[in-house]
Amino acid sequence: MIRRAVLLLLAALLLCAGAGQAQAAGYRYWSFWDRDGDHWVYATQGPSMARPSDGDVQGFRFAVSEDSADAARPRGQAGFDTICAKTPAQDGKKRVALLLDFGTTTDAPSGETPPAPRTACAQVSPDATTAEALATVAKPLRYDTNALLCAISGYPEKGCGEQVAGKQKPSAQKKDTSDDGPSLGLVAGVAVVAVLGGAAIWQVRRRGQS
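Since this is a predicted model, take the numbers as computed values, not measurements. Note that residues are indexed from 1 along each chain, following the sequence as it is written. Per-residue local features are limited, in this predicted model, to residues with pLDDT of at least 70; the limit for side-chain atom pairs, both in listing and counting, is 80 or more; totals at the level of whole chains, interfaces and linings are taken over all residues. As a rule here, side-chain values come from all non-hydrogen atoms in the structure, and water together with hydrogens is ignored.

(A) Summary view of the pattern of salt bridges. Salt bridges are counted wherever a side-chain nitrogen of Lys or Arg sits within 4 Å of a carboxyl oxygen of Asp or Glu. Considering all chains together, one arrives at 3 salt bridges under this definition. The partner of Glu162 in a salt bridge is Arg28, with the nearest N and O atoms 3.1 Å apart. Taken as a pair, Glu162 in the loop between β7 (149-151) and β8 (163-164) and Arg28 in strand β1 (residues 26-36) lie far apart in primary sequence, 134 residues in all. Residue burial is assigned from relative accessible area. The probe radius is 1.4 Å, only protein chains are included, and a residue is buried under 20% of its type maximum, exposed over 50%, and partly exposed in between. Residue Arg28 is classed as buried on the basis of its relative accessible area of 11%. Between Asp101 and Arg75 there is a salt bridge whose closest N-O contact spans 2.7 Å. With Asp101 in strand β4 (residues 94-101) and Arg75 in the loop between β3 (57-65) and α2 (80-83), the pair connects residues that are 26 residues apart, well separated along the chain. Residue classification places Asp101 among the buried residues on the basis of a relative accessible area of 0%. Looking at Arg75, the relative accessible area reads 31%, which means it is partly exposed. Salt bridges linked by common partners bring Arg61, Arg75 and Asp101 together as one network. A helix here means a DSSP run of H or I that spans at least four residues, while a strand means a run of E at least two residues long, and both kinds are numbered starting from the N terminus.

Next up, the structure:
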(Lines give C-alpha, C1' and ligand atoms only; values in the text may rest on other atoms or scores of the structure.)
Protein backbone atom coordinates (compact mmCIF):
# COMPACT_ATOMS: atom_id res chain seq x y z
CA MET A 1 0.00 0.00 0.00
CA ILE A 2 2.84 2.38 0.80
CA ARG A 3 4.41 1.60 -2.56
CA ARG A 4 1.13 2.43 -4.27
CA ALA A 5 0.96 5.74 -2.44
CA VAL A 6 4.49 6.64 -3.57
CA LEU A 7 3.63 5.81 -7.19
CA LEU A 8 0.54 8.03 -6.98
CA LEU A 9 2.64 10.93 -5.71
CA LEU A 10 5.26 10.47 -8.44
CA ALA A 11 2.56 10.43 -11.11
CA ALA A 12 1.11 13.67 -9.73
CA LEU A 13 4.53 15.34 -9.70
CA LEU A 14 5.08 14.40 -13.36
CA LEU A 15 1.67 15.87 -14.20
CA CYS A 16 2.63 19.09 -12.42
CA ALA A 17 5.92 19.36 -14.31
CA GLY A 18 4.22 18.72 -17.64
CA ALA A 19 1.63 21.39 -16.99
CA GLY A 20 4.32 23.98 -16.28
CA GLN A 21 6.23 23.15 -19.46
CA ALA A 22 3.23 23.29 -21.82
CA GLN A 23 3.71 25.81 -24.61
CA ALA A 24 0.91 28.12 -25.68
CA ALA A 25 0.34 28.83 -29.35
CA GLY A 26 1.47 32.19 -30.69
CA TYR A 27 0.22 34.35 -33.56
CA ARG A 28 2.31 36.23 -36.10
CA TYR A 29 0.98 39.77 -36.51
CA TRP A 30 1.58 43.52 -36.36
CA SER A 31 0.89 44.93 -32.89
CA PHE A 32 0.03 48.61 -32.40
CA TRP A 33 1.43 50.81 -29.60
CA ASP A 34 1.20 54.32 -28.12
CA ARG A 35 4.23 56.06 -26.64
CA ASP A 36 3.55 57.27 -23.09
CA GLY A 37 6.52 59.18 -21.72
CA ASP A 38 9.49 56.85 -21.98
CA HIS A 39 7.64 53.58 -22.50
CA TRP A 40 5.25 51.84 -24.90
CA VAL A 41 1.62 51.06 -24.04
CA TYR A 42 -0.45 48.58 -26.04
CA ALA A 43 -3.04 50.59 -27.98
CA THR A 44 -6.65 50.27 -26.86
CA GLN A 45 -7.99 50.96 -30.36
CA GLY A 46 -7.01 49.65 -33.76
CA PRO A 47 -5.14 51.94 -36.18
CA SER A 48 -8.27 52.42 -38.29
CA MET A 49 -10.14 53.81 -35.25
CA ALA A 50 -7.41 55.68 -33.33
CA ARG A 51 -7.09 59.41 -34.04
CA PRO A 52 -3.75 60.63 -32.72
CA SER A 53 -3.12 64.22 -31.78
CA ASP A 54 -0.41 66.48 -33.15
CA GLY A 55 2.86 65.50 -31.49
CA ASP A 56 1.87 61.90 -30.67
CA VAL A 57 4.27 59.00 -31.11
CA GLN A 58 2.96 55.60 -32.15
CA GLY A 59 4.66 52.34 -32.99
CA PHE A 60 4.11 49.07 -34.81
CA ARG A 61 5.94 45.81 -34.12
CA PHE A 62 5.83 42.60 -36.15
CA ALA A 63 6.35 39.51 -33.98
CA VAL A 64 4.99 36.20 -32.80
CA SER A 65 2.94 36.88 -29.67
CA GLU A 66 0.49 34.94 -27.55
CA ASP A 67 -1.67 37.94 -26.63
CA SER A 68 -1.44 41.66 -25.84
CA ALA A 69 0.24 41.01 -22.48
CA ASP A 70 2.86 38.89 -24.23
CA ALA A 71 3.40 41.13 -27.27
CA ALA A 72 6.90 42.39 -28.07
CA ARG A 73 7.30 46.16 -27.93
CA PRO A 74 8.82 48.28 -30.71
CA ARG A 75 12.56 48.68 -30.29
CA GLY A 76 14.61 51.89 -30.33
CA GLN A 77 14.20 55.49 -29.27
CA ALA A 78 11.07 57.26 -30.38
CA GLY A 79 11.15 60.95 -29.52
CA PHE A 80 8.78 63.15 -31.49
CA ASP A 81 11.30 65.99 -31.79
CA THR A 82 13.83 63.61 -33.35
CA ILE A 83 11.47 61.75 -35.69
CA CYS A 84 9.73 64.90 -36.97
CA ALA A 85 12.74 67.22 -36.85
CA LYS A 86 12.81 67.57 -40.66
CA THR A 87 9.05 67.97 -41.06
CA PRO A 88 8.07 71.57 -40.24
CA ALA A 89 4.64 72.26 -38.78
CA GLN A 90 1.92 73.45 -41.16
CA ASP A 91 -1.38 75.20 -40.49
CA GLY A 92 -4.33 72.84 -40.80
CA LYS A 93 -2.13 69.76 -40.45
CA LYS A 94 -0.97 67.54 -37.60
CA ARG A 95 2.27 65.59 -37.32
CA VAL A 96 2.38 62.02 -36.02
CA ALA A 97 5.69 60.29 -35.33
CA LEU A 98 5.73 56.60 -36.24
CA LEU A 99 8.23 53.89 -35.37
CA LEU A 100 8.04 50.79 -37.56
CA ASP A 101 9.77 47.69 -36.19
CA PHE A 102 9.67 44.82 -38.68
CA GLY A 103 10.83 42.31 -36.08
CA THR A 104 13.52 39.66 -36.14
CA THR A 105 14.36 36.72 -38.38
CA THR A 106 13.05 34.43 -35.63
CA ASP A 107 9.58 35.89 -36.04
CA ALA A 108 9.72 36.26 -39.83
CA PRO A 109 7.63 34.00 -42.07
CA SER A 110 9.57 31.27 -43.84
CA GLY A 111 11.66 32.64 -46.70
CA GLU A 112 11.28 36.30 -45.72
CA THR A 113 13.80 38.72 -44.21
CA PRO A 114 12.53 41.62 -42.11
CA PRO A 115 13.63 45.13 -43.13
CA ALA A 116 15.51 47.23 -40.59
CA PRO A 117 13.38 49.26 -38.16
CA ARG A 118 12.73 52.83 -39.26
CA THR A 119 10.88 55.95 -38.24
CA ALA A 120 8.68 58.31 -40.21
CA CYS A 121 6.83 61.56 -39.62
CA ALA A 122 3.34 61.60 -41.11
CA GLN A 123 1.78 65.00 -41.79
CA VAL A 124 -1.97 64.60 -42.20
CA SER A 125 -5.30 66.35 -41.65
CA PRO A 126 -6.33 66.97 -38.01
CA ASP A 127 -9.04 64.27 -38.09
CA ALA A 128 -6.89 61.58 -39.74
CA THR A 129 -6.66 58.12 -38.18
CA THR A 130 -3.42 56.30 -37.49
CA ALA A 131 -4.13 54.05 -40.46
CA GLU A 132 -4.38 57.10 -42.72
CA ALA A 133 -1.15 58.52 -41.29
CA LEU A 134 0.57 55.17 -41.81
CA ALA A 135 -0.62 55.04 -45.42
CA THR A 136 1.18 58.31 -46.21
CA VAL A 137 4.62 57.00 -45.16
CA ALA A 138 4.62 53.19 -45.33
CA LYS A 139 2.88 51.96 -48.47
CA PRO A 140 1.97 49.37 -49.55
CA LEU A 141 -0.27 48.35 -46.68
CA ARG A 142 -2.22 45.11 -46.74
CA TYR A 143 -5.40 44.27 -44.81
CA ASP A 144 -7.52 41.15 -44.59
CA THR A 145 -11.30 40.99 -45.02
CA ASN A 146 -11.76 41.81 -41.32
CA ALA A 147 -9.66 44.99 -41.62
CA LEU A 148 -6.75 43.41 -39.73
CA LEU A 149 -3.45 45.05 -40.66
CA CYS A 150 -1.41 42.32 -42.37
CA ALA A 151 1.56 44.11 -43.94
CA ILE A 152 3.40 47.44 -43.66
CA SER A 153 5.62 48.53 -46.56
CA GLY A 154 4.81 45.19 -48.15
CA TYR A 155 6.12 43.14 -45.23
CA PRO A 156 5.36 40.34 -44.87
CA GLU A 157 4.49 39.43 -48.43
CA LYS A 158 1.82 36.94 -47.35
CA GLY A 159 0.05 35.66 -44.28
CA CYS A 160 -2.00 37.53 -41.72
CA GLY A 161 -2.27 36.75 -38.03
CA GLU A 162 -1.67 33.05 -38.58
CA GLN A 163 -1.16 30.72 -35.65
CA VAL A 164 2.38 29.49 -35.10
CA ALA A 165 2.83 26.07 -33.56
CA GLY A 166 5.18 26.13 -30.59
CA LYS A 167 5.44 29.57 -29.04
CA GLN A 168 8.47 31.47 -30.30
CA LYS A 169 10.15 33.96 -27.99
CA PRO A 170 10.39 37.50 -29.38
CA SER A 171 13.89 38.88 -29.11
CA ALA A 172 12.84 42.24 -27.64
CA GLN A 173 13.30 42.80 -23.95
CA LYS A 174 10.09 42.38 -22.02
CA LYS A 175 9.06 42.45 -18.41
CA ASP A 176 10.28 39.41 -16.53
CA THR A 177 7.15 37.70 -15.29
CA SER A 178 8.98 34.94 -13.43
CA ASP A 179 8.16 36.58 -10.08
CA ASP A 180 4.53 37.33 -10.83
CA GLY A 181 3.39 34.12 -9.14
CA PRO A 182 2.93 30.51 -10.18
CA SER A 183 1.36 29.62 -13.49
CA LEU A 184 -2.11 28.13 -13.72
CA GLY A 185 -0.60 24.81 -14.78
CA LEU A 186 1.66 24.76 -11.75
CA VAL A 187 -1.20 25.58 -9.38
CA ALA A 188 -3.30 22.82 -10.90
CA GLY A 189 -0.43 20.39 -10.61
CA VAL A 190 0.14 21.25 -6.96
CA ALA A 191 -3.57 20.76 -6.28
CA VAL A 192 -3.43 17.32 -7.84
CA VAL A 193 -0.39 16.45 -5.72
CA ALA A 194 -2.23 17.57 -2.58
CA VAL A 195 -5.34 15.55 -3.39
CA LEU A 196 -3.51 12.38 -4.34
CA GLY A 197 -1.08 12.78 -1.47
CA GLY A 198 -3.96 13.06 0.99
CA ALA A 199 -5.65 10.01 -0.51
CA ALA A 200 -2.44 8.02 -0.25
CA ILE A 201 -1.90 8.95 3.40
CA TRP A 202 -5.53 8.07 4.18
CA GLN A 203 -5.08 4.68 2.58
CA VAL A 204 -1.89 4.00 4.57
CA ARG A 205 -3.62 4.94 7.85
CA ARG A 206 -6.63 2.83 7.02
CA ARG A 207 -4.35 -0.12 6.32
CA GLY A 208 -2.63 0.34 9.65
CA GLN A 209 -5.93 0.42 11.54
CA SER A 210 -7.35 -2.69 9.92
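(B) Representation of the environment of Thr130. Within the fold, Thr130 resides in helix α3 (residues 130-137). Overall, Thr130 belongs to the buried group, its relative accessible area being 0%. Separated by 79 residues in the primary sequence, Thr130 and Arg51 have C-alpha atoms spaced 5.9 Å apart. Contact criterion: two residues are considered in contact whenever any of their non-hydrogen atoms come within 4.5 Å of each other. Apart from residues no more than four positions distant in its own chain, Thr130 is found in contact with Phe32, Pro47, Ala50, Pro52, Gln58 and Phe60.

(C) Structural context of the state of the cysteines. In this description, a disulfide is simply a cysteine sulfur pair whose atoms lie within 2.5 Å. In the structure shown here, the tally under the stated rule is 2 disulfides. For Cys84, the disulfide goes to Cys121, at an S-S distance of 2.1 Å. With the S-S dihedral at roughly 100°, the linkage between Cys84 and Cys121 falls on the right-handed side. Placement of Cys84 in the loop between α2 and β4 and of Cys121 in strand β5 (residues 118-124) is noted, with a sequence separation of 37 residues between them. Side by side, Cys84 and Cys121 carry an identical accessibility label, which is buried.

(D) Main features of the pairing of β4. In terms of burial, β4 is largely enclosed, as 8 of its 8 residues are buried. DSSP bridges decide pairing: two strands pair if at least two such bridges lie between them. Bridge analysis of β3 against β4 gives 5 bridges, and the strand direction is parallel. Note that in β4 the partner of Gly59 across the bridge is Leu99. Summarising the sheet, β4 and β5 pair through 7 bridges and their orientation is antiparallel. Residue pairing in the sheet places Leu98 in a bridge with Ala120 of β5.

Keep in mind these values describe shape, not function.
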